[in-house]
Amino acid sequence: MAILTYREALNRAMIEEMKQDPLIYLMGEEVGHYQGAYKVSQGMLDLFGEGRVIDTPISENGFAGIGVGSAMVGLRPIIEFMTWNFSLVAIDQIINSAAKMNYMSGGQFPMPIVFRGAGGAGGRLAAQHSQAFESWYAHCPGLKVVCPATPKDAYGLLKSSIRDNNPTIFIESEVLYGMKGEVPEGEFTIPLGLGEIKRKGTDITLVTWSRALSFAEEAALILEKEGISVEIVDLRSLRPLDENLIYESVKKTNRAVVVEEGWPVAGFGAQISHLIQKNVFSYLDHPVERVTQMDVPMSYAANLEKMSLPSANRVADTIREMLR
Amino acid sequence: MVSSIPKDSHSVSELKEFYRQMVLIRKFEEAAAKAYSVGKIGGFLHLYIGQEAVGVGSIAALTPHDYIVSTYRDHGHALARGLHPNPLMAELFGKATGISKGNGGSMHFFDKNAHFMGGHISLAAGIAFASKYKKEDSVTICFFGEGAANIGSFHEGLNLAAIWKLPVVFICENNHYAMGTPEYRALAVKDVSIRAHAYDMARDHIEGDEVRKVRDHVKVAVERARRGEGPTLIEVSTYRFRGHSMSDPAKYRTKEELEAYKKKDPLMRARHELELGGIKPNELDKLETDIQTQIDEAYQFAETSPEPPLSQLHKYVYAEDK
């Protein structure tokens, strides 16, 4: 078992996939000569050359569109957004072209493209550069949305995303890039749509993904000392969604909290909450609760940023309230 | 008016084929307008009437390996590519037999085998990127209006195509109105092709009423792209005789202006040239009648085709697994 950082795991996944399929290329700002803004593509230019690790000017809309066009005729692009915040100027290409191409062509043009990059809240990057976008993209049929929380998941899910014939929104957590974890030796993949119980428990189910898993895990440790047993469901991908994993856990614990980095209004947690209440309502002892980022743009001020983000304490408080 | 009488039998038969295609487009569009007015076609319907020489001339410069990217006013381009009118009309009617199985509609004609895609500027650059990546010598041509030349993706797409010398020809069909906005209110520089200078890109400007002239100019650009010398921006000045779409009565332009352009109708011009080249009027009348029959059949085909099965609603959202 190798210990890799989340960043190294992503790097290894891309390198392995590109080695076995010459139709895969990586494109984005600073992915080549600069070795990646977040160093996820470190070393890849040397391995694959400028023909396959392609630096672009600052033109997200343009190179996202180039990725889509090239995928229409058989290439398998990995398009890196330096951060998902910059995907907004390319969102027309993602929503209107990539997500709908197969549908509106009557199945003639599958779209084997991965859009990936850093997401979530970074260290005091303020309103325009600290945002969680998974709910935005999960809203749109035709896209797959993947949000890994560990190096192992990052590796296995990125490989599956690259092999998938559909447009995948692969959101990496900016603050997790340096996180270390065990990644098994040898090649493996994790199917999209398969969640994982990251911690077993009996009193309450925490449903989460990406960096919010760390808040959930920390809260579980705090509550354990108070005799509360928390089960954590890491969804890993939002589309497709491992609904049964959530339901089986809720049937056991009878309570659920969704913990996410995004805003609450029309957020993905609202969808999960609806699904739980629709499908396992009779098992619930309490309405489904949510812990999200506050309903405000992110502040630059350190104390306000901290207050704005979900945290282990907020998760623990919510659970204590539910169990009172 | 006539500057190019076809000189030999080859150029006569060539022009005759172009004329056939243009008449096919004209009559297809007239039939589509009729179907729209009686509610058989929904949504937007942007007709190509008046612009036929642009699509027919441009696409004549391509091989079957080349790609065509078009959107909005795409019926004429699809017909010029040789796609059969039946599945095109059926698509407009939203039928299962449509070219995109009824999921696309007027603005989204797709035919993978014919290398015909609905899309826009950066997608065309992407298809050209793939040709270069795979070391294939295909060229992509991309049609768009002068209105689209003001969208940000025009700049990004052209800049990227230029720095990477992608085999793509950008054809701006300037019909002088972006919906109801005349070009002088939308374009700081009226001649769109001049913008090529900003990207150190080859450029050309053509009047779009003479089909063989369009073909000859586009051919130069296609060959340049095929030699690996990069993209070209071509502006073709043209005019639509109808409104922007069927819901637009086009009150923003004068009757006199429309009449002046109708005197430059590319079909009229081609027919006149063919007559001067020795083709008898009754032969051309017959050609037109035959095409009308073909279009009537397409209309009939579309009308009698089944709607997509309801089970199709959820199909194609995601690609089938490998």
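Residues numbered from 1 in each chain as written. Chains lettered and ligands numbered in written order. Predicted model: local features only at pLDDT ≥ 70, side-chain atom pairs only at ≥ 80, totals over all residues. Heavy atoms only, no water.

Convention followed: UniProt positions are given in the numbering used here, feature names are shortened, and annotations may be inferred rather than shown by experiment.
For chain B, the name recorded in an unreviewed UniProt entry is Pyruvate dehydrogenase E1 component subunit alpha, with Leptospira biflexa serovar Patoc as its organism. As recorded by UniProt, the Catalytic activity (unreviewed entry) comment attached to chain B reads in full: "N(6)-[(R)-lipoyl]-L-lysyl-[protein] + pyruvate + H(+) = N(6)-[(R)-S(8)-acetyldihydrolipoyl]-L-lysyl-[protein] + CO2".

Chain A is annotated in an unreviewed UniProt entry as Pyruvate dehydrogenase E1 beta subunit from Leptospira biflexa serovar Patoc. Quoted verbatim from the Cofactor (unreviewed entry) field of UniProt, the annotation for chain A is "thiamine diphosphate".

### Considering the nonpolar core
Defined as follows: As used here, the term nonpolar core means buried Ala, Val, Leu, Ile, Met, Phe, Trp, Tyr and Cys residues forming a set that is joined through side-chain atoms within 4.5 Å. Summary of the burial criterion: residues with accessible area below 20% of their type's maximum are buried, those above 50% are exposed, and those between are partly exposed, where the area comes from a 1.4 Å probe applied to protein chains only. Domain limits in this description derive from either an automatic procedure or a database domain assignment. In what follows, residue pairs with any heavy atoms lying within 4.5 Å of each other are defined as contacts.
Membership of the largest hydrophobic core comes to 85 residues, with the highest contact counts inside it found for Phe115 and Ile246 of chain A together with Phe129, Phe144 and Phe170 of chain B. Mapping this core onto the domain boundaries places at least three of its residues in each of domain 1 (2-183) and domain 2 (196-323) of chain A. Beyond its immediate stretch of four places on either side in the chain, Phe144 of chain B contacts His120, Ile121, Ala149, Phe154, Phe170, Ile171, Cys172, Glu173 and Leu233 of chain B. Grouped together as the second largest cluster of nonpolar side chains are 62 residues, Val23, Ala33, Ala35 and Ile295 of chain B included.

### Points about the state of the cysteines
Joining two cysteines, a disulfide is a covalent bond between their sulfur atoms. All names here are of chain B. Keep this limit in mind: Criterion for a disulfide: a pair of cysteine sulfur atoms at a distance within 2.5 Å.
If you walk through the whole model with that rule in mind, you get zero disulfides over all chains. No disulfide involves Cys142; its nearest neighbouring cysteine sulfur is the one of Cys172, lying 10 Å away. Cys142 sits in the buried class, given a relative accessible area of 0%. Using a relative accessible area of 0% as the deciding quantity, one classes Cys172 as buried.

### Side note on the sheet that holds strand E3 (residues 53-55) of chain A
Residue and element names in this part refer to chain A. This is how it is decided: When DSSP finds two or more bridges between two strands, those strands count as paired. Only DSSP runs of H or I with at least four residues qualify as helices, and only runs of E with at least two residues qualify as strands; both kinds are numbered from the N terminus onward. An axis is simply a line fitted to the C-alpha atoms; with a helix, the fit covers only the stretch in contact. Between two such axes, the angle follows the N-to-C directions and lies from 0 to 180 degrees.
Strand order in the open sheet formed by seven strands is E3-E2-E4-E5-E7-E6-E12, and the pairing between neighbours is mixed. The outermost strands of the open sheet, each flanked by one partner alone, are E3 and strand E12 (237-239). On average, adjacent strands in this sheet sit at an angle of 20° to one another, irrespective of strand direction. Its contacts with the sheet place helix H7 (residues 151-163) against strand E2 (24-28), strand E4 (76-83), strand E5 (114-119), strand E6 (144-146) and strand E7 (168-173), and it is angled at close to 160° to E7.

### Here we look at the layout of surface pockets
Put simply, the test is: Think of a 1 Å grid over just the protein atoms. A cavity is a set of points where a 1.4 Å probe fits yet cannot get out, a pocket is an open set with protein on both sides within 12 Å along at least five of seven lines, and lining residues have an atom within 4 Å of a point. Grid points are joined across faces, edges and corners, and a volume is the space filled by probe spheres set on the points. Residues are grouped as follows: Ala, Val, Leu, Ile, Met, Phe, Trp, Tyr, Cys and Pro are nonpolar; Asp, Glu, Lys and Arg are charged; every other residue, Gly included, is polar.
Roughly 910 Å³ of internal volume is contained in the largest pocket. Lining the largest pocket are 39 residues; nearest its centre among them are Thr71, Tyr72, His120, Ala148 and Ile151 of chain B. At the level of elements, helix H4 (91-98) and helix H5 (101-104) of chain A together with strand E3 (140-145) and strand E5 (177-178) of chain B are the ones that each hand at least two residues to the lining of the largest pocket. Looking at which element gives the most residues to the lining of the largest pocket, the answer is H4 of chain A, with four residues. Here the residues of the lining of the largest pocket are counted per class, giving 13 nonpolar, 20 polar and six charged. Of the pockets and cavities examined, the second largest pocket occupies roughly 390 Å³. Considering every element that reaches the lining of the second largest pocket, the biggest residue donor is helix H10 (residues 268-279) of chain A, with four residues. Of the residues that constitute the lining of the second largest pocket, the class distribution is twelve nonpolar, five polar and two charged. Taken domain by domain, the lining of the second largest pocket gets at least three of its residues from each of domain 1 (2-183) and domain 2 (196-323) of chain A.

### Thoughts on the environment of Thr189 of chain A
Residues and elements named next belong to chain A. Relative to the assigned elements, Thr189 resides in the loop between strand E8 (180-183) and strand E9 (196-199). Along the sequence, Thr189 and Arg163 sit 26 residues apart, while their C-alpha atoms lie 9.9 Å from each other. In this structure, Thr189 is in contact with Gly156, Lys159, Ser160 and Arg163, ignoring residues within four places of it in sequence.

### A word on the environment of Gly126 of chain B
With respect to the helices and strands, the residue Gly126 of chain B is situated in helix H5 (residues 121-133). Between the C-alpha atom of Gly126 of chain B and that of Ser153 of chain B, which follows or precedes it by 27 residues, the distance is 12 Å. Once residues lying within four places of it in the same chain are set aside, the contact partners of Gly126 of chain B are Ile66, Gly69 and Ser70 of chain A.

### What about the packing of aromatic side chains?
Inclusion rule: Pairing of aromatic rings covers Phe, Tyr and Trp, the last through its six-membered ring, and needs centres within 6.5 Å; plane angles under 30 degrees mean stacked, over 60 mean edge-to-face, and all others mean tilted.
A full pass over the atoms with the stated rule returns 19 aromatic pairs over all chains. Geometrically, the ring pair formed by Tyr25 of chain A and Phe129 of chain B is tilted, given 4.9 Å between the ring centres and 50° between the ring planes. Linking Tyr25 of chain A in strand E2 with Phe129 of chain B in helix H5, this pair reaches from one chain into another. When the centroid spacing of 5.4 Å and the interplanar angle of 85° are considered together, the rings of Phe93 of chain B and Tyr299 of chain B count as edge-to-face. Here Phe93 of chain B is found in the loop between helix H4 (85-92) and strand E2 (116-118), whereas its partner Tyr299 of chain B is found in helix H10 (residues 281-304), with 206 residues between them in sequence. Members of the aromatic cluster, connected to one another through ring pairs, are Phe63, Phe81, Trp84, Phe115 and Tyr137 of chain A.

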